[in-house]
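# Overview (structure and organization)
Here are the chains, one letter per residue:
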Amino acid sequence: MLHRRTVGDVMTEEVLTLRPNTPLQEVTALLDANDIVAAPVVDDGAPIGVVSASDVLRHETGMPDPQGQDGNDERAWGKARARTAGALMSSPVFTARADWTIPRAARELRSRHVRQLPVVGDDGLLTGIVSRSDLLDAFIRSDVEILGEVEQDVLGRILGLGEGTVAVEVHDGVVTLRGHVSEPRLVPVVVGLCQGVDGVVAVDTHLAAAREG
C-alpha cells in the first residue's frame, strides 16, 4: 500500500499551552510573542478548550463580538468579562488523532469552522496541534517527489511493471502516463493509485492494453 501522510506526520509537537487560571494579560502576551492565533487550554495534560485571538479581541471590545451582535447571549457576555484563559476559552474543544488522514483532518477543520485542532492520544492527553497551513503543506510537493513516488512505489513496488513499460511525466502536480499494461482492467487501477499519491492534482492517461501474441 502507498504511505499516506497522516496528522502525526505534519502536526506541531511542541505546543504553547495555557492553564485555566492563566491571567488574560499573560494570554495576550503569549499569543503575540509567539505569533500564533490560538492556543489550547490544558488541564492535567488534556485539552479542555481553546483561546483564540478573536476571543481576546471580543474581550478587549467589551462586547460578545467586535460588531456587538449576540448581545443577549449571557455566555458571550461572560466571556467578555473574563479574566482568565479558563473563563475566556471556547469549549468543548474539538480534537484530532495522529492517525487521521490529511483529508479527514481537513474536513473536520472545515466542518468545525476552526483553523487548528489539538491532537490527542488514546489517553486523551495533548500530543500536538495541527493547523490549516500544516495540512496545505502536505499537499505541496515538488513534481520530482511525485514522479519518484509514482515510478518507484506505484508502478514498481505495487504493480510490478517493468522499467519503461509506462513513461511518467509530472508538471504542476499533473501526472501524465504513456505506455501499455498487460490487461485493460489495469488501466483504472494505475490511475486510481496515482490519484492517491499526495500532491497529485490530476492524472492524464494515455495507456493501452498490450496485445497478446
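In what follows, the structure referred to is the one given above.
Read on for an overview of the structure. Just so it is clear, the model here is predicted, and its values are computed rather than measured. (Residues numbered from 1 in each chain as written. Predicted model: local features only at pLDDT ≥ 70, side-chain atom pairs only at ≥ 80, totals over all residues. Heavy atoms only, no water.)

### Comments concerning the nonpolar core
Operational definition: What makes a nonpolar core is a set of buried Ala, Val, Leu, Ile, Met, Phe, Trp, Tyr and Cys residues whose side-chain atoms join them at distances within 4.5 Å. Burial status follows relative accessibility: with a 1.4 Å probe on protein chains alone, a residue under 20% of its type maximum counts as buried, one over 50% as exposed, and anything between as partly exposed. The helix and strand labels rest on DSSP assignments: H or I over at least four residues marks a helix, E over at least two residues marks a strand, and numbering proceeds from the N terminus. In what follows, residue pairs with any heavy atoms lying within 4.5 Å of each other are defined as contacts.
The biggest cluster of nonpolar side chains holds 19 residues, and the ones touching the most others in it are Val 150, Val 168, Val 175 and Leu 177. Of all the secondary structure elements, the ones that give two or more residues to this core are helix H8 (143-158), strand E6 (166-171), strand E7 (174-181), helix H9 (186-195) and strand E8 (202-209). Other than its neighbours up to four places away in sequence, Val 150 contacts Leu 155, Val 168, Val 175, Leu 177, Cys 194 and Val 197. Within the second largest apolar cluster, 13 residues are counted, among which are Met 11, Val 130, Leu 135 and Ala 138.

### Brief notes about the sheet that holds strand E5 (residues 126-131)
To be explicit about the condition: Two strands are said to pair when DSSP picks up at least two bridges between them.
Read across the open sheet, the three strands follow the order E3-E4-E5; overall the sheet is mixed. Both edges of this open sheet fall to strand E3 (96-97) and E5, since each of them pairs with a single strand only. In the sheet, strand E4 (residues 116-120) pairs with E5 via five bridges, with the strands oriented antiparallel. Directly across from Leu 117, in E5, lies its bridge partner Val 130.

### Here we look at the pairing of E4
Side-chain positions along a regular strand alternate between the two faces of the sheet. With five of its five residues buried, E4 lies for the most part within the structure. Of the two faces of E4, both are covered, the one formed by Gln 116, Pro 118 and Val 120 as well as the one formed by Leu 117 and Val 119. Bridging between E3 and E4 involves two bridges; their strand directions are parallel. What sits directly across from Arg 97, in E4, is Val 120.

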